[in-house]
Amino acid sequence: MNEASSERRVGWYRQMVAIRAFEEKVQELFMTSQIEGTTHLCQGQEAVSVGSIAAMEPDDVLTSTYRGHGQALARGMEQGVAFAELMGRSAGGSGGVGGSMHLVDFSMGNIGANAIVGAGLPIAVGAAMAFKIKEEPRVALTFFGDGATNIGTFHEALNMASVWKAPVVFIIENNLYGEYTPLRESTPLDDLARRADPFGMPGLVVDGQDIDVVYATVGEAIDRARGGDGPSLLEMKTYRYKGHSRSDPATYRPEGELEEWMARDPIEILGVRLETEALLSAAERTGIAEAAQVEADAAAEAAAESPYPELKEIVNYVYAD
Ligand SMILES: Cc1ncc(C[n+]2csc(CCOP(=O)(O)OP(=O)(O)O)c2C)c(N)n1
Ligand SMILES: [Mg+2]
């Protein structure tokens with residue numbers, strides 16, 4: 001089992017708290033029209049992005065979705081750059097033309113956040129095949145939702161990756177909903193990991209709220225992929241605290257469900273564990289939360305200073321040189 005040092009685990013705690021503060025700030029900015037368009041927040045799912053990405057090497061790559069703020073930040077994107085992108089400002093990672101659904105940074109191996117459900121999987125398989133053909137010891141991770149497992153590209157990507165033993169790890173963030181539809185109304189399975197079986201690859205159900213488990217499981221799948229044994233499908237059981245997007249109040253959820261999941265909050269699970277192991281005190285945890293708030297506020301304020309891109313710049317992103 002892959003285990004991380006105490007120092008790294010404290011770092012994960014900080015990262016998860018920072019992502020939570022970022023997302024809360026995004027919501028505030030959206031509700032006050034400082035961010036336009038749409039947003040898809042990931043509060044509750046932080047252990048999946050931070051734990052999985054912690055298991056990657058610097059040369060590995062990932063694809064994510066429109067719910068990809070957590071992945072982008074976990075992979076090292078500065079909050080100011082992310083806020084600027086969400087606000088449509090020039091200082092954003094994509095010059096402000098991508099927005100909330102497209103936080104990418106090729107220099108960090110974050111090669112695609114896709115608003116099209118299921119679109120990231122074949123991109124990751126393509127990247128993985130390039131690594132294999134070039135004999136580079138690199139791995140691609142692809143994050144996607146439970147809903148994406150009903151999309152054709154999911155099945156095509158898993159089939160092709162398995163046949164070609166592509167070094168890729170498929171990570172389902174099963175948060176129980178695809179937009180406003182509960183999983184059980186769209187999918188005849190509780191454990192989506194079983195969808196690995198027809199493609200002849202390992203399929204594992206993972207506690208997505210426990211970052212130590214996420215890190216260890218993803219680490220093993222990455223080792224397997226890098227070692228030439230092909231892909232794995234990991235189903236992270238997790239939950240999004242907020243609605244699907246924008247200001248969705250998520251009234252379609254059964255009473256008590258949110259509270260049940262919040263009782264297994266990923267930040268709290270690691271925080272309590274680190275306290276028990278005497279790696280963090282309660283006072284230090286409070287200090288981390290306060291510092292994260294200050295960081296998010298300052299980063300958002302700085303991002304708002306950045307100008308909007310000029311209209312003429314739009315062609316820079318449409319036509320190849
Ligand atoms: C190909 C395609 N079909 C439909 C949509 C509309 N849509 C946007 S998000 C979403 C739900 C996806 O749910 P899931 O994969 O579980 O991800 P989550 O939003 O829960 O993270 C749908 C159907 C889309 N963006 N792309
Ligand atoms: Mg979902």
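Refer to the structure above for everything that follows.
Residues numbered from 1 in each chain as written. Chains lettered and ligands numbered in written order. Predicted model: local features only at pLDDT ≥ 70, side-chain atom pairs only at ≥ 80, totals over all residues. Heavy atoms only, no water.

> I'd like to hear about the site of ligand 1, residue by residue, with values.
Neighbouring ligand 1 are 14 residues, the closest being Tyr 66, Arg 67, Gly 147, Asn 175 and Tyr 177. Residue Arg 67 places a side-chain N or O atom 2.8 Å away from an oxygen atom belonging to ligand 1. Take Asp 146: an N or O atom from its side chain is 3.1 Å from an oxygen atom of ligand 1. Coverage of ligand 1 by the protein amounts to 71% of the 590 Å² it exposes when considered alone. Here the residues of the shell around ligand 1 sort into 6 nonpolar, 5 polar and 3 charged. (Near = heavy atom within 4 Å. Polar contact = N/O pair within 3.5 Å; in protein donor to acceptor, adjacent residues only side chain to side chain. Areas by Shrake-Rupley, 256 points an atom, 1.4 Å probe, with all protein chains shown as cover. Nonpolar A, V, L, I, M, F, W, Y, C, P; charged D, E, K, R; others polar.)

> Give me the sheet that holds strand β7 (residues 203–207): which residues, what numbers.
Taking strand neighbours across the sheet as the criterion, the 6 strands line up as β2-β1-β3-β4-β8-β7 in an open arrangement whose pairing is parallel. Taken across any chain shown, the strands that pair with only one partner, and hence form the sheet edges, are β2 (110–114) and β7. For this sheet the average axis-to-axis angle between neighbouring strands, irrespective of direction, equals 20°. Taken together, the 6 bridges between strand β3 (residues 140–145) and strand β4 (residues 168–174) define a ladder with parallel strand orientation. (Pairing = 2+ DSSP bridges. Helix = DSSP H or I, 4+ residues; strand = E, 2+ residues; numbered from the N terminus. Axes fitted to C-alpha atoms, helices over the stretch in contact; angles between N-to-C directions.)

> Would you mind going over a negative patch on the surface in detail, with residue names and values included?
A contiguous patch of negative charge on the surface is contributed by Glu 57, Asp 59, Glu 220 and Asp 223. Secondary-structure assignment places Glu 57 in the loop between α2 (46–54) and β1 (61–65). The partly exposed category is assigned to Glu 57, whose relative accessible area is 43%. (Patch = residues over 30% accessible without salt bridge, like charges linked within 9 Å, V, L, I, M, F, W, Y side chains within 5 Å. Salt bridge = Lys/Arg side-chain N within 4 Å of Asp/Glu carboxyl O. Lys, Arg positive; Asp, Glu negative; His and termini not counted. Charge placed at Lys NZ, Arg CZ, Asp CG, Glu CD. Buried < 20%, exposed > 50% of the residue type's maximum accessible area, 1.4 Å probe, protein only.)

> If you had to explain the side chain of Asp 248 to someone new, which residues and values would you point to?
With respect to the helices and strands, Asp 248 occurs in the loop between β8 (232–237) and α9 (257–262). For Asp 248, which is buried and forms no salt bridge, the nearest opposite charge comes from Arg 240, at a distance of 4.6 Å. A distance of 2.7 Å separates the side chain of Asp 248 from the side chain of Tyr 252, its partner in a polar contact.

> How would you sum up unusual backbone geometry? Please name residues and give values.
If you check the backbone angles, Leu 176 has positive phi at about 75° while not being a glycine. By secondary structure assignment, the location of Leu 176 is in the loop between β4 and β5 (177–178). One non-glycine residue, Ala 250, adopts positive backbone phi at about 55°. Its location among the elements puts Ala 250 in the loop between β8 and α9. On the basis of relative accessibility, which here comes to 7%, the residue Ala 250 falls in the buried class.

> Would you mind going over the pairing of β2 in detail, with residue names and values included?
In terms of burial, β2 is a largely internal element, 5 of the 5 residues being buried. Pairing analysis gives 4 bridges linking β1 to β2, with the strands arranged parallel. The residue of β2 that forms the bridge with Leu 62 is Asn 110.

> Talk me through the environment of Ile 172; I want residue IDs and the actual numbers.
In this fold, Ile 172 is placed in strand β4. Its relative accessible area of 0% is what places Ile 172 among the buried residues. Spatially, the C-alpha atoms of Ile 172 and Gly 120 are 12 Å apart, while their sequence positions differ by 52 residues. With residues up to four places along the chain from it excluded, the contact list for Ile 172 reads Phe 144, Gly 145, Asp 146, Thr 149, Leu 192, Leu 233, Leu 234, Glu 235 and Met 236. (Contact = heavy atoms within 4.5 Å.)

These figures capture arrangement, not role.
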